[in-house]
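Listed below, chain by chain, are the residues.
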Amino acid sequence: MRILFKLILVASALISSQVWSWGQTGHRVTGQIAEYYLSPKARAAVAQLLPLEDLAQASTFADEMRSNPSEFWQKTSTPWHYVNVYLGKNYEKAPLEGDAVSALNQFKARLLDPNTPLVVKQVALRFIVHIIGDLHQPLHSGTDQDRGGNTIEVNFFGQDTNLHQVWDSGLIDRQKLSYTEWSTRLKRGISEQQANTWMEPNPLIWVAESVEIRANVYPQKKHISWGYQYDHIPTIHSQLQKGGVRIAAYLNHLFK
């Protein structure tokens, strides 16, 4: 544990700009939406831990740090961004590789431990915000057979890429909206009833939802563009909305 703390202490001083998973825009959207739904206790706890940043800023830390050359960021933390779930199985019967869910439990324990140093708690909170966002990108609950769509080559609006990247950022970035524009529009579209329904702090439920969505994201042809975007942008919207609400739900439960 002391070694891990030292690695985090060193790493937290070195921030770069590499983009992974939802992409910076998607993660910031979930963080911004989460701010609306924090309970007073959770809001106070977050402000005490991260007085100089909001959840939108905190949400991208775990990806930005993946440019750090240390073994912690290059190897140890890599599986914390996803889970692998076999076709026809659930998380409990998933392969061992990729374990964002157990990482959430570890970071939760560090936040609740009064002996955890502040800088480690700060990293834990940033990771929690990030991981919850990741688990709402359907291909972060992917299959080990295609590495969450990373080995599925596609041509997206004339550009060669892979399916995972299309879902991480391709569909989002094509809308040409800033994260504040995204979050404002998506927050406006969340009814009180939806927010109450989505206020679910259990990661296994999020994973099960993503696995169900995952089954329908694989295209029938390599070249995808307007039709694929039309079919799946509504899912992007709802998953970003849910991701934001669930970040708040998890933190509200954690700091209750």
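Predicted, not measured: the structure shown is a model, and the values here were computed from it.

Definitions and limits used
- Residues numbered from 1 in each chain as written.
- Predicted model: local features only at pLDDT ≥ 70, side-chain atom pairs only at ≥ 80, totals over all residues.
- Heavy atoms only, no water.
- Helix = DSSP H or I, 4+ residues; strand = E, 2+ residues; numbered from the N terminus.
- Buried < 20%, exposed > 50% of the residue type's maximum accessible area, 1.4 Å probe, protein only.
- Contact = heavy atoms within 4.5 Å.
- Areas by Shrake-Rupley, 256 points an atom, 1.4 Å probe, with all protein chains shown as cover.
- Polar contact = N/O pair within 3.5 Å; in protein donor to acceptor, adjacent residues only side chain to side chain.
- Pairing = 2+ DSSP bridges.
- Phe/Tyr/Trp six-rings, centres within 6.5 Å; stacked < 30°, edge-to-face > 60°.
- Lys NZ or Arg CZ within 6 Å of the ring centre and 35° of its normal.
- Arc of directions from axis to C-beta.
- Lys, Arg positive; Asp, Glu negative; His and termini not counted.
- Salt bridge = Lys/Arg side-chain N within 4 Å of Asp/Glu carboxyl O.
- Axes fitted to C-alpha atoms, helices over the stretch in contact; angles between N-to-C directions.
- Parallel < 35°, antiparallel > 145°, perpendicular 65-115°, else oblique.
- Nonpolar A, V, L, I, M, F, W, Y, C, P; charged D, E, K, R; others polar.

Chemist: For this particular structure, what's the right way to read the overall build of the chain?
Modeler: When helices and strands are counted, the chain shows 13 helices and five strands. Within the span of the chain, comprising 256 residues, buried residues form 52% of the whole. Contacts spanning at least 24 positions in sequence make up 74% of the contacts within the chain whose residues lie at least 6 apart. As displayed, the chain has an accessible area near 12200 Å², and 52% of this comes from carbon and sulfur atoms.

Chemist: What am I meant to see in helix H9 (residues 163-173) here?
Modeler: Because an α-helix completes one turn every 3.6 residues, residues spaced three or four positions apart along the sequence face the same direction. For H9, a buried count of nine out of eleven residues is recorded, marking the element as mostly surrounded by other parts of the structure. Those residues of H9 that fall on the buried side of the exposure criterion are Leu163, His164, Val166, Trp167, Asp168, Ser169, Gly170, Leu171 and Ile172. The N-terminus of H9 is capped by Asn162, whose side-chain oxygen sits 3.0 Å from the backbone nitrogen of His164.

Chemist: So what exactly am I meant to see when it comes to the pairing of strand E4 (residues 159-162) here?
Modeler: Each regular strand shows side chains that alternate between the opposite faces of the sheet. Here strand E3 (residues 153-156) runs beside E4; their pairing, made up of four bridges, is antiparallel. Of the residues in E4, the one forming a bridge with Phe156 is Gln159. The hairpin turn running from E3 into E4, its antiparallel successor, is two residues long, and Phe157 in that turn takes a positive phi close to 50°.

Chemist: I'm lost on the sheet that holds E3 in this one. Help?
Modeler: Think of a sheet as strands paired side by side through backbone hydrogen bonds, with each pair either parallel or antiparallel. Taken together, the three strands give an open sheet; going across it, the order is E4-E3-E5, and neighbouring strands pair in mixed fashion. Every interior strand has two partners, whereas the edge strands, E4 and strand E5 (223-224), have only one. Sheet analysis places E3 next to E5, joined by two bridges and oriented parallel. Following the sheet pairing, Phe156 is matched in E5 by Ile224.

Chemist: Mind showing me how you'd approach the packing of aromatic side chains here?
Modeler: One pair of aromatic rings is described through two measures. These are the centre distance and the angle between the planes. Inspection of every chain in the model, using the stated rule, returns seven aromatic pairs. Centre to centre, the rings of Trp80 and Phe107 are 5.3 Å apart; their planes meet at 85°, and the pair counts as edge-to-face. Here the residue Trp80 occupies a position in the loop between helix H6 (71-76) and strand E1 (83-84), and Phe107 occupies one in helix H7 (residues 100-112), the gap between them amounting to 27 residues. The pair formed by Trp80 and Phe107 is uniform in burial state, with each residue classed as buried. On the basis of relative accessibility, which here comes to 10%, the residue Trp80 falls in the buried class. What links up through ring pairs into an aromatic cluster is the set Phe72, Trp80, Phe107 and Phe127. Just above the ring of Phe61 sits the side chain of Arg126; from NZ or CZ to the centre is 4.8 Å. Over the aromatic face of Trp226 sits the side chain of Arg174, whose NZ or CZ is 5.2 Å from the ring centroid.

Chemist: Even after reading the chapter, I still don't get helix H3 (residues 40-49), so can you show me in this structure?
Modeler: Listed in full, the buried residues belonging to H3 are Ala42, Ala45, Val46 and Leu49. Considered in projection along H3, the buried side chains sweep an arc of 100° and stay on one side of the axis. Residues Pro40 and Gln48 are exposed on H3 and point more than 90 degrees away from its buried face. Residues of H3 that are buried in the fold lie against helix H4 (55-58), H7, helix H8 (118-134) and helix H13 (226-254).

Chemist: Explain the side chain of Asp168 to me, please; I cannot follow it from the model alone.
Modeler: By the secondary structure assignment, Asp168 is in helix H9. For the buried Asp168, no salt bridge exists, and the shortest N-O distance to an oppositely charged side chain is 7.7 Å, to Arg66. Reaching out from Asp168, the side chain makes a polar contact with the side chain of Gln137 at a distance of 2.6 Å.

Chemist: In this structure, what is going on with the packing of H9 against H13? I would like to understand it.
Modeler: Packed helices, taken two at a time, are described by the angle between their axes plus the distance between the axes. Between H9 and H13, the least distance of the axes is 10 Å, while the angle of their chain directions is 80°. Taken together, H9 and H13 sit at an angle that is classed as roughly perpendicular. Residues Leu163, Val166, Trp167, Leu171 and Ile172 of H9 pack against Tyr228, Gln229, His232, Ile233, Thr235, Ile236 and Leu240 of H13. In the contact of H9 with H13, the residues fall into nine nonpolar, three polar and no charged.

Chemist: Help me out: how do you make sense of the environment of Lys121 in this one?
Modeler: Locating Lys121 in the fold gives a position in helix H8. Other than its neighbours up to four places away in sequence, Lys121 contacts Leu49, Arg110, Leu111, Asp113, Pro114 and Thr116.

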